[in-house]
Every structure is written in structure tokens, then in C-alpha cells.
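A look at the structure
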Amino acid sequence: MTTANGPRDLYKRVARWLEETPTELLASRRSQAELMFRRMGITFAVYGDQESTERLIPFDIVPRILGQSEWARLEAGLVQRVKALNLFLADLYGKADILRAGVVPSDIIYRNPAFRPEMAGRAVPHGVYVQIAGIDIVRVDEKDFYVLEDNVRTPSGVSYMLENREAMMRLLPDLFAMHRVAPVESYPNELLACLRSVAPLGAGADPTIAVLTPGQFNSAYYEHSFLADKLGVELVEGRDLIVRDDVVYMRTTQGPKRVDVIYRRLDDDYLDPLAFRPDSMLGVAGLMSAYQAGNVTLANAVGTGVADDKAVYTYMPEIIRFYLGEESLLKNVPTWRCREPDSLKYVLEHLPELVVKEVNGSGGYGMLVGPHASKADIELFAGKLARDPNNFIAQPTLSLSSCPASFPTGVAPRHVDLRPFVLTGAHGSRVVPGGLTRVALKEGSLVVNSSQGGGTKDTWVIDDSNLG
Amino acid sequence: MLARTADNLYWLARYMERADYLARIVNTTLRLAALPSANGGDRAEWESALSSAGGLERFKEMHDAITPDKVIDFLVYDANNPSSIVNCIENGRFNARAVRTALTAETWDSINMGWLELKKLEQSRAGVRSDPQILGQLLDLAMKLSLDVDGSCYRTMLRNDAYWFGRLGLYLERADNTARILDVKYNLLLPDTEVVGGSLDYFQWTAILRAVSALTSYNWIYRDSVKPWLIADLLILRQEMPRSLISCYDNIQRFLDSIGRAYGRQGAAQRHARNVLTRLENTSMDQVFATGLHEFITAFVDDNNRLGWEIAEQYLVN
């Protein structure tokens, strides 16, 4: 992060290292990193991209650095937020107190396609709906963290957190030696413990866990196989699973084997053709009924999407207050709910300076970045907004914090965000000190999504008590 | 282990072995076709290459005439031929990617690197299909890739069912390949073939040996000039020849037994493999020639296919 005065103290040593390291060496490290990722097959697919089905996410060798003390603040805020999200979901699928109290309008819940009536009145093990959350964080100044988005369906990116660290330790050991960086390598271990802790009661002491993937053509397939490998569990596709008498089995070379916990990376809609989309070839017929019978745990639970909706997002401060009686430690980006006539009017009048997002969109698709949009785009969006205001929210264009990035032409600041991962099991929440830092590599760009030209960085939480 | 994982490992190995075999077929045919020919020349050689690769019928459905360029394109590059070398490598990597968690880093690395190299070659070829230099590089790549994958499996994988299913795929495919080339060329190998010392015959025989990388082995084992019936002996009954039918079945039976022991259960596949091996062990080349080389090979190909089905049914499609 840079201020007008130059790099913040946290970056002092990195800055010095960047100055002292010859440009050719930096260049060779950069190309080594790319070669490494390519060889390991760490790729993602871009939907609709005919040219290459597998692409690398650009990796920037300059780490993004957070100090221990600011991390502690962030961590407390994340844990608070995920705790409230879990209570919120339990309530929505239970007595719905929060709706009756009028804190959140009920139509944004019940008219939301991600709300699953199938879940109403059913408990989940230990009341945990969101075992794995990815909360997108941005900063606009040195003090505050803002939540940009909660991701509580099937958040991805954690493999980059782990592989970026691996790459950095191999490529830049000298830089590591200068800092005391908190380790992130324990993530798979913690994830495994978390998944084990939410197994159904009948599963016994050694539950069988599997990672469910939509398959090789999914953009995050690499991550699915990476996680299964690190967890030491099977990576299954829908066709590998069968349900008999409400019990889930996987097909093995020795016949069917019972599965107790499924870390699923498949959206609700595709989970079970009998319960949801009948044309889903990716799911498992009968899975939902086994789930409802309590014979298998799905992580995350079915129906969590109702809580990470951009319309619900605007109510998060109220939701946290309602369940925990606390003020939110992390800030919400000020947001206009276009469903409210006054807000809509304001938004329509100020489109060129706002970011407008579809309530249910993700991945940077279906959004308008006012300051970078053409006149025609703005007019197009104004039309969409007027037709269906409930479907949109708008936010000011934040002056996102930036962080140095290394290019063939030298080091230059680029905008970044951060996605830490919060794990919640029977015994509370944990956050591994780090996360996925995404960086907008195009000069001046604010869009960090990998599908739109963003890259990633290693994220360091360092001991900042003694920086020289 | 997931049945699908076993299936992917089995097919990964089969595709790698097939890519190697196809590359050798194309290489030896290029050699033969370069010779001055007495009978049919080029065309006959390339037709025989198609038969050896098991692709003659499909080729004829797609093309009117057999020309060297068309056959090379079909066997090496054609995306519509499921068994072209390029497709074997693509399919091999597809299967590998589906079971990355069951592979060692080294094995994944070898197949992924080969695949990346293939992509580079295809790019530099940019539509000029007949570029002989790129063809040569691609054939070398296919053979080296097969060797790398095989070697990294052998060197780095745990000796458990994941390894055994891969080995089964490899030896089943290898047995099929050896039998196929014997089937196409059997008329050249009969003992009553007149040894007239014609150079064409000599080249035909050595071509068979080359196709299964056995020319040097032949010299070491027989220390004799190339005799067609000895070639048949080498490729069918010689234990020490790693591509002979008997050696393949020796391995198949061993790995099927390992699986059976680990799972505590034997099945139709184990019984059938043992039968095939016993028959090979109790036969001599004289008997093979007496019953007819062609008939013998045809029966073997059927047996080998049947074992493929039995393995699939017993383990892979559970």
C-alpha cells in the first residue's frame, strides 16, 4: 500500500529489496513463476473463451503485506461476520425472527431464487450452515477494512493462497528471510478438522469425507483436485455417487462405500436432479433426500446463497446487531438499494461516478463501472435499472488501496482486494492468516476478477513489532 | 479407490502405450515407403500401417484413396480419429487430469510437460500438416512421453491398486499392439516363406521388429540373421522380450493377482488371464504354426479383448 509519502513501513524491506535486485533477476523470477504454475497445471478456464480452455492467472511476485495488529482486527471482524451469517441462516430456515422483527424485508428473502424452501424447519449439524466462507475485503485508507462481498456458497481461490505461498518460498527465499511471515500451510488440516466436526451423528469416529466437483470443465477444477489431494480424500463427480435408502455411497473398485460429509463445489441448482434442476447431469439423484434424512452433511449447507446476496449485504450491519448485539467491526461499503425510490433516483442521476451491480451477479459479470464506461453502456444500464430496480445496487467508486506490483518496465502501484477464508466447524471459527490477494494488473483498473484480466499475489501477515 | 479413478489410470496407461506404438508404426512405414518397391510400393505400405493401427475401416469411411499424406494425417494429427497420436496424448492427459490426486507429482509433470510440448508443436505446424521435420519431432515426442510417463510411474508410485490398474492398462494395450502387427504381417512370417534373400523381405521383417522396438533384442537373443519364424517366436513366446504376448500376460496375471490379494477376492478377470497365460506357456512355435499362425493370433486378440471387458466389469464400472 502506498501513500503520497511513499511505501508504508510494512513495505520498507520489500521496497529496499526491489531496489537492490537487478531487473534481469526480477524478470527471471517472474518467468520462473509462470513456468512453475504452467507445469503444475494451476489453471482456470474462462467460460466462452474458445482459444484456450486453460489459462494461467498472472502471478505477481511482490507480496501484499498486512501487519500482525491490523490482521488481528480484521480477523475479529471476519469471525463476527460469519457467526452472524450462520445465525441468520439458521433463523431464516427456522422461526424467521429477523423478518418478523422487520429488520430485513421478507421479500428480499422469499423472492430470492437462492432461498431453498426445502431447508425450512430442518436443523443442520451444530447449526453450521457456512463451513467455508470467503469474505472480500478492500481498504480505502490505512484504518478501515470494508467488506465488498460475502461469499458463502462455494467460494474459490484458496488453492492460490497456498500455491502462491509455495511459489514465493521457492522463488524468493531471500525475501522471506527478511520477514517473519505467518504460515498459511495449515489450511488443509484445519479444513479437514472442520469437515470432520460437522459429520452426521451416526457417522462414527472416522467419517468418510469427499470433495464433490462438477468435473474437469469447471473453471475451478484445479482447486477441487488440489484440495482433495491435500485433504487426503476422494475427489468425486456426481456419477461417482449413488443414493440407496437415503444413504450416499461412492462407487469404488471394491463396491459401494458410504460417504458421510461432502465438501461440495457444485451449486445448489445442480446438486440433485430430483430436487432441483432436472436437467443437471452433474448431480446425484436422491442426494437431497439423504441430506434431509440427516445421513450426510453437505458443506456448505443447501440454501446459503440467500445470505450472500448483494441486497442482503446492505443489511449486514443490522443483521450483526440483531443477533450479536454488537456493532459490525468491518465496514460495509455505502450502498444504494435501487429498490428504494429515493436511492434509485440518486443512482440514475449519478451513474457515471458509481459502480452498479446486479444483486445476483458474480465474477464481475453484469456490472457497470461508471467512471470507465462508455456513454452507450451507461444508457444501456440506465434502461436496465429503470425496468428492474430491485435487481440492482450501486456503490461509490472506491479509491481502492494499491500495492506495488512488478512489471518488465519496473515496479508500479496497482489496486488490490483481499479474500480471507473463514472456516467454521462445531467448535467455532478460524481464519488462516492470509488469503487470496487479487490485483488489477491493468493500469488504473479496479476490476480484479481473474476472468477479466486480474492477477494474484501472495498475502503476508508479518510480525510488525520490530521493522527496521 | 473410486472405480472412475481406476478407469482413468487404466486408460491413461493405454493411451500412452498406444501413442508410442502408433509413432513406431508411422516411423517404420516412412522407412519402408522410401525403398524402391516391387509390388504396390507406397500404397501397400500405408494400407498395412492403417491395418496395424486398427484404423483401416475408419480411414476408408473418411477418404476415397490411400495416399501417404492422408494416412499420416489420419494416424498422427486427425482430431476425428479417436486413436490418432495427438488424440492419444490429449486423452491421456485428460484422464491424468481427472485423477491428479492419484498420480505422483512426477507422473503428472511428465504427462503435462509432454502435452505442453505437443501444443507448441501443433502451433508451429500451423496447418502445414506434412512438414516432415515437425512430424519427426512429434513422433519422437510421443515415444519419449510414453517412456517418461511409464518411467515416472515405475519410479515414484506406491505399489497399490492405483499402480496396478495403470500397469494392467499398459500391458493389455501392449499385448493388443503386438498381436495386431503379427496379424497384419503374419503371411510374411510363415516358416515356408522362401528365403530368397530378397532385400524387400528383409526390410519387411526388420520393420516388424522396429515397430515393436525389438530389432536389437532380436540380435541379442538369436545371434542369427533375421528369420521370419524366429521373429514370430520372439514376439509370441519369448519371456525375456518385454513386448511378447507371453511377457505381457505374465505381467497382467501378476498385477491382477496383486489386486485380488489386496481386495481379498478373485474374479472372472483373474481366472481368464491365468488361462491365457497357461496356454501360452504350454505351447511351442511348432504347434502354433501347425494350428495356423493367423488362427492363433485371431484367437489371442479375442481373448485379450475379452479380458478388457472383464476387468472393466469387475472393477471399473462398479
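How each quantity is defined
Residues numbered from 1 in each chain as written. Chains lettered and ligands numbered in written order. Predicted model: local features only at pLDDT ≥ 70, side-chain atom pairs only at ≥ 80, totals over all residues. Heavy atoms only, no water. Helix = DSSP H or I, 4+ residues; strand = E, 2+ residues; numbered from the N terminus. Rg over C-alpha atoms; globule rule 2.2 N^0.38 Å. Buried < 20%, exposed > 50% of the residue type's maximum accessible area, 1.4 Å probe, protein only. Contact = heavy atoms within 4.5 Å. Areas by Shrake-Rupley, 256 points an atom, 1.4 Å probe, with all protein chains shown as cover. Lys, Arg positive; Asp, Glu negative; His and termini not counted. Charge placed at Lys NZ, Arg CZ, Asp CG, Glu CD. Pairing = 2+ DSSP bridges. Axes fitted to C-alpha atoms, helices over the stretch in contact; angles between N-to-C directions. Polar contact = N/O pair within 3.5 Å; in protein donor to acceptor, adjacent residues only side chain to side chain. Domains from an automatic or database assignment. Buried area = accessible area lost by both parts, 1.4 Å probe. Salt bridge = Lys/Arg side-chain N within 4 Å of Asp/Glu carboxyl O.

A tally of regular secondary structure across chain B gives 15 helices and 0 strands. Here the C-alpha atoms of chain B give a radius of gyration of 20 Å, agreeing with the 20 Å that 2.2 N^0.38 yields for 318 residues. Judged by the C-alpha coordinates and their principal axes, chain B covers about 55 × 55 × 35 Å. Among the 318 residues that make up chain B, the fraction classed as buried is 57%. Contacts in chain B between residues far apart in sequence, at least 24 positions, make up 68% of those at least 6 positions apart. Of the roughly 13800 Å² of accessible surface on chain B, 50% is carried by carbon and sulfur atoms. Mean positive and mean negative side-chain charge positions of chain B (35 and 40 charges, respectively) differ by 6 Å.

A word on the pairing of strand β4 (residues 132–139) of chain A. Looking down a regular strand, the side chains alternate between one sheet face and the other. Residues and elements named next belong to chain A. Along β4, 8 of the 8 residues are buried, which leaves the element largely enclosed by surrounding structure. Bridge count for β4 against strand β20 (residues 421–425) is 3 bridges, and the pairing is antiparallel. Bridged to Ile132 within β20 is Leu423. Relative to strand β5 (residues 145–151), β4 is paired through 6 bridges, and the arrangement is antiparallel. Within β5, the residue paired with Arg139 across the bridge is Phe145.

Time to look at the sheet that holds strand β10 (residues 255–258) of chain A. All names here are of chain A. Strand order in the open sheet formed by 3 strands is β8-β9-β10, and the pairing between neighbours is antiparallel. Two strands bound the open sheet, and with one partner strand each, they are β8 (241–244) and β10. Averaged over neighbouring strand pairs, the angle between their axes works out to 40° when direction is ignored. Pairing geometry for β8 and strand β9 (residues 247–252), over 4 bridges, is antiparallel. In the strand pairing of β9, Val243 is matched with Val248.

Let us now look at the sheet that holds strand β6 (residues 209–212) of chain A. Residues and elements named next belong to chain A. Taken in spatial order, the 4 strands of this open sheet run β7-β6-β11-β12, and their pairing is parallel. At either end of the open sheet lies a strand with only one pairing partner, and these are β7 (234–236) and β12 (297–299). Strand after strand, the sheet turns through a mean of 30° between neighbouring axes, direction not considered. In this structure, strand β11 (residues 261–264) lies alongside β12, joined through 3 bridges in parallel fashion. Across the sheet, Val261 pairs through a bridge with Thr297, a residue of β12. Across the sheet, helix α9 (residues 221–231) lies against β6, β7 and β11, angled at about 150° from β7, the strand it touches most.

Take Thr21 of chain A: it is sitting in the loop between α1 (12–20) and α2 (23–40). Reaching out from Thr21 of chain A, the side chain makes a polar contact with the backbone oxygen of Trp17 of chain A at a distance of 2.5 Å.

Interfaces are often sized by the accessible area lost when the parts come together. Residues and elements named next belong to chain A. As far as domains go, chain A holds domain 1 (2–200 + 296–329 + 398–462) and domain 2 (334–396). The straight-line distance from the C-alpha centre of domain 1 to that of domain 2 is 24 Å. Listed per partner, the contact involves 21 residues of domain 1 and 19 residues of domain 2. Note on domain 1 versus domain 2: buried area summed over both sides is about 1600 Å², and carbon and sulfur give 46% of it. By the criterion of area lost to domain 2, the three top residues of domain 1 are Lys310, Thr314 and Leu398, representing 31% of everything that side buries.

Attention shifts here to the interface of chain A and chain B. Residue-level contacts link 25 residues of chain A with 25 residues of chain B. Across the chain A-chain B interface, the total number found is 2 salt bridges. For the salt bridge of Glu237 of chain A with Arg4 of chain B, the shortest nitrogen-to-oxygen distance reads 3.3 Å. Put simply, chain A and chain B have 10 residue pairs in polar contact (both at pLDDT 80 or more) between them. For the side of chain A that touches chain B, the secondary structure elements donating two or more residues are α2, α9, β7 and β9 of chain A. Top contributing element to the side of chain A that touches chain B by residue count: α9 of chain A, with 5 residues.

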